[in-house]
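Structural features, examined
Residues per chain are reported as follows:
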Amino acid sequence: MLVNMRDLLADAEAGNYAVGSFSVANMEMVLGVLKAAKELQAPVILQIAEVRLKQSPLEIIGPLMVAAAESADTPVAVHFDHGKTIEKIGQALDIGFTSVMYDGSHLPLEENISMTKQVIELAKEYDASVEAEIGCVGGSEDGSEDIAINCTKPEDALRFEQEADIDALAVAIGNAHGNYKQTPKLRFDILEDVARITDTPLVLHGGTGISPEDFVRCSKTGIRKINIATATFDSVENTVRSWYNKNEIKGYYDLQAAEVDGAYQNAKKHILIFGTDGKC
């Protein structure tokens, strides 16, 4: 069933776990994630970032994501990730996305808050939730840049919460988008400080490559949403390659099944780590 992300995060807050937010690029990835969610009786979030719309146009992938969520057997929120423009955020809301993110992390704090407030006012018309980000998560969503990590300042997080009525706040604690060049060393001291002084559900971007132990620690320290993108794409690609190598793909529909399985296996793995299994 299609639900609002703020409801999933409220349940995660009450249960002290994190909800997986899985980036998708086609129908097969959507089907794989929802298969894992149904099997494990887990709430999930389907998401796509604005930078990915060149490959998966919003007017095509968006209605598919919403329709899939509506027909799902478990609670599913549909989230527009790393929104850069009011135009595309508005388009996502028109399509039926129940959550949007405005990524103003590259802006001065005052401007980030101001722009996020505009998005909040727009989202209110649709009763959709809004995620913001402060500090800079390393790398970039499409791998085109190598943005330096700029950790969130706890006092900035508190100010953001006080000035903007956000539903979720993405923090930078040494995490990065894409595949890590070495094992990340997360700043749990910063996360603990932010979680202690704020009440907003926190979000971890750049989940690919973080250890299961660190995921669990994050979920017990205020992180209520964890984004998984690169790991999904890698799993789909590797599964397709493996099936070809084992001569298990005889035609298109075998290829499609391999893509679904790659997304399913990755989502299942992370749902179990995050502790969302059986939480429906």
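To keep things clear, this report deals only with the structure shown in the data block. (Residues numbered from 1 in each chain as written. Predicted model: local features only at pLDDT ≥ 70, side-chain atom pairs only at ≥ 80, totals over all residues. Heavy atoms only, no water.)

On to the overall build of the protein chain. The helix and strand tally for the protein chain stands at 10 helices and eight strands. In summary, the protein chain has a C-alpha radius of gyration of 18 Å against a globular reference of 19 Å for 280 residues, a match within 12%. Counting every position in the protein chain, which comprises 280 residues, the buried fraction comes to 57%. A fraction of 72% describes how many contacts in the protein chain between residues 6 or more apart in sequence connect residues 24 or more apart. Accessible surface, the protein chain as shown: approximately 11,800 Å² in total, 49% of it carbon and sulfur. Side chains of the protein chain give 25 positive and 43 negative charges; the mean places of these two sets differ by 6 Å. (Helix = DSSP H or I, 4+ residues; strand = E, 2+ residues; numbered from the N terminus. Rg over C-alpha atoms; globule rule 2.2 N^0.38 Å. Buried < 20%, exposed > 50% of the residue type's maximum accessible area, 1.4 Å probe, protein only. Contact = heavy atoms within 4.5 Å. Areas by Shrake-Rupley, 256 points an atom, 1.4 Å probe, with all protein chains shown as cover. Lys, Arg positive; Asp, Glu negative; His and termini not counted. Charge placed at Lys NZ, Arg CZ, Asp CG, Glu CD.)

Taken as a whole, helix α1 (residues 5-15) has its buried residues at Met5, Leu8, Leu9 and Ala12. Across the axial projection of α1, the buried residues extend over an arc of 95°, all falling on one side. Following α1 by one or two positions, Asn16 has its phi on the positive side, about 60°. (Arc of directions from axis to C-beta.)

Take the packing of aromatic side chains next. The full count for this structure, using the stated rule, is three aromatic pairs. Taking the centre distance of 5.2 Å and the plane angle of 75° together, the rings of Tyr252 and Tyr253 count as edge-to-face. According to the relative accessible area criterion, Tyr252 is partly exposed, its value standing at 47%. In this structure, Lys35 is placed above the aromatic ring of Tyr264, and the distance from its NZ or CZ to the ring centre is 4.4 Å. The ring of Tyr17 carries the charged tip of Lys279 above its face, separated from the ring centre by 5.2 Å. (Phe/Tyr/Trp six-rings, centres within 6.5 Å; stacked < 30°, edge-to-face > 60°. Lys NZ or Arg CZ within 6 Å of the ring centre and 35° of its normal.)

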